[in-house]
Amino acid sequence: MIELPVDRSAPIGLVIADDSFLIRSAVRELVSTFDDVQLLEECPDADCLLEAVDRLNPAVVMTDIRMPPGGDGEGLRVADRLRRTHPDIGVIVLSQHEEPSYGRQLLEGGATGRGYLLKDGVHDRAQVHNSIRIVAVGGTVIDPLMVRRLLAAEKDHDRRLADLSPRELEVLASMAQGQSNATIAAGLHLTKKAVEKHVGSIFSKLELPDEELVSRRVAAVLLYLEGGR
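Residues numbered from 1 in each chain as written. Predicted model: local features only at pLDDT ≥ 70, side-chain atom pairs only at ≥ 80, totals over all residues. Heavy atoms only, no water.

**What about the overall build of the chain?**
Across its full length, the chain carries eleven helices and eight strands. Looking at the chain as a whole, 52% of its 229 residues are labelled buried. Sequence-distant contacts, at least 24 apart, represent 68% of the contacts inside the chain between residues at least 6 apart. Carbon together with sulfur atoms contributes 49% to the accessible area of the chain, which is approximately 10,400 Å² in total. (Helix = DSSP H or I, 4+ residues; strand = E, 2+ residues; numbered from the N terminus. Buried < 20%, exposed > 50% of the residue type's maximum accessible area, 1.4 Å probe, protein only. Contact = heavy atoms within 4.5 Å. Areas by Shrake-Rupley, 256 points an atom, 1.4 Å probe, with all protein chains shown as cover.)

In structure tokens form, the structure reads like this:
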């Protein structure tokens, strides 16, 4: 959940997998404009993707959530497998739907180096670039559109989420997008100290245990996703 520094001495190696040629083309065109990202290979299915990972050892994989051979959820299965076989590789799952259960499933096995983006946002240069950079260094990203949809469904949230103030929900939404406290402060026109106070209040209201900061940020976002179902 924290934006970490990126080693710019070498480009971030990327492999993409999607059975849609149009999506692969869109990502290819976008990535070609990033000076610090190198597209290593494009794959139409999970088998090709896993072979490319073994051969090329990319820093990040961007995969469709639905593709051959497994169909629905194949991208999640790939992400889970890579967590065991290639734990240092970041994975961004692409989906056509802002389904909270998918996001929760992706993160509950471990949020380090994981991202969930909607295909509607594939043409957003800044979002895609920032997401690749964040997961490459172990951060976590949730698509902003999904977060906004969850906010719209606030009435269905968990009791603890319902206790959060509108400003605290905004801060939590920004946390779900992988933003650091400094970035949240700039985006919401707050001081960093004010954001830190809101984050502490969020942890307290969500009744999260007093443990390492990153773990609590991930736990808060998981609860947030579950509450938006």
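**Regarding the packing of helix H8 (residues 166-176) against helix H10 (residues 192-205)**
Orientation of H8 relative to H10, taken along the N-to-C sense of each, is 95°, at an axis distance of 10 Å. When the interaxial angle is binned, H8 and H10 end up roughly perpendicular. From H8, Arg167, Glu168, Val171, Leu172 and Met175 reach across to H10, where they touch His198, Val199, Ser201, Ile202, Phe203 and Lys205. Looking at the contact of H8 with H10, its residues break down into six nonpolar, two polar and three charged. (Axes fitted to C-alpha atoms, helices over the stretch in contact; angles between N-to-C directions. Parallel < 35°, antiparallel > 145°, perpendicular 65-115°, else oblique. Nonpolar A, V, L, I, M, F, W, Y, C, P; charged D, E, K, R; others polar.)

**Quick look at the pattern of salt bridges**
Overall, the coordinates contain twelve salt bridges when judged by the stated rule. As a salt-bridge pair, Arg84 and Asp80 come within 2.7 Å of each other at their nearest N and O atoms. You can see Arg84 and its partner Asp80 sitting in helix H3 (residues 74-85), four residues apart, about one turn around the helix. What emerges from the salt-bridge pattern is a single network uniting Asp18, Asp64 and Lys119. (Salt bridge = Lys/Arg side-chain N within 4 Å of Asp/Glu carboxyl O.)

**Concerning the pairing of strand S2 (residues 37-43)**
Within a regular strand, the side chains alternate between the two sheet faces. Strand direction decides the pairing type here: strand S1 (residues 12-17) and S2, joined by six bridges, are parallel. By the bridge assignment for S2, Gly13 is matched with Gln38. In this view, the connection linking S1 to its parallel neighbour S2 by way of helix H1 (residues 21-31) has right-handed handedness. (Pairing = 2+ DSSP bridges. Right-handed = clockwise from strand over helix to strand, strands pointing away.)

**Details of the nonpolar core**
Residues Leu49, Tyr116, Leu172 and Met175 are the most contacted members of the largest nonpolar core, which totals 45 residues. Membership of the second largest hydrophobic core comes to 21 residues, among which are Ile12, Ala26, Ile92 and Val135. (Core = buried A, V, L, I, M, F, W, Y, C linked by side-chain atoms within 4.5 Å.)

**Side note on helix H5 (residues 125-136)**
The first and last C-alpha atoms of H5 sit 17 Å apart over twelve residues, in line with the 16 Å expected at 1.5 Å per residue. Turning to H5, its buried residues are Gln127, Val128, His129, Ser131, Ile132, Ile134 and Val135. The opening residue of H5, the one whose side-chain oxygen lies 3.3 Å from the backbone nitrogen of Ala126, is Asp124. (Expected span 1.5 Å × (residues − 1). Polar contact = N/O pair within 3.5 Å; in protein donor to acceptor, adjacent residues only side chain to side chain.)

**Some remarks on the sheet that holds S2**
Sheet architecture is open: six strands sit in the order S2-S1-S3-S6-S7-S8, paired in parallel fashion. The strands lining the two open edges of the sheet, one partner per strand, are S2 and strand S8 (140-142). Across the sheet, the mean angle from the axis of one strand to that of its neighbour is 20°, orientation sign disregarded. Looking at chain direction, strand S3 (residues 60-64) and strand S6 (residues 90-95) are connected through five bridges and run parallel. By the bridge assignment for S6, Met62 is matched with Ile92. Along the sheet, H1 makes contact with S1, S2, S3 and S6, crossing S2 at roughly 165°. Lying over the sheet, H5 contacts S1, S2, S3, S6, strand S7 (114-118) and S8, oriented at roughly 125° with respect to S3.

From the geometry alone we can't say anything about function, so treat these as descriptive.
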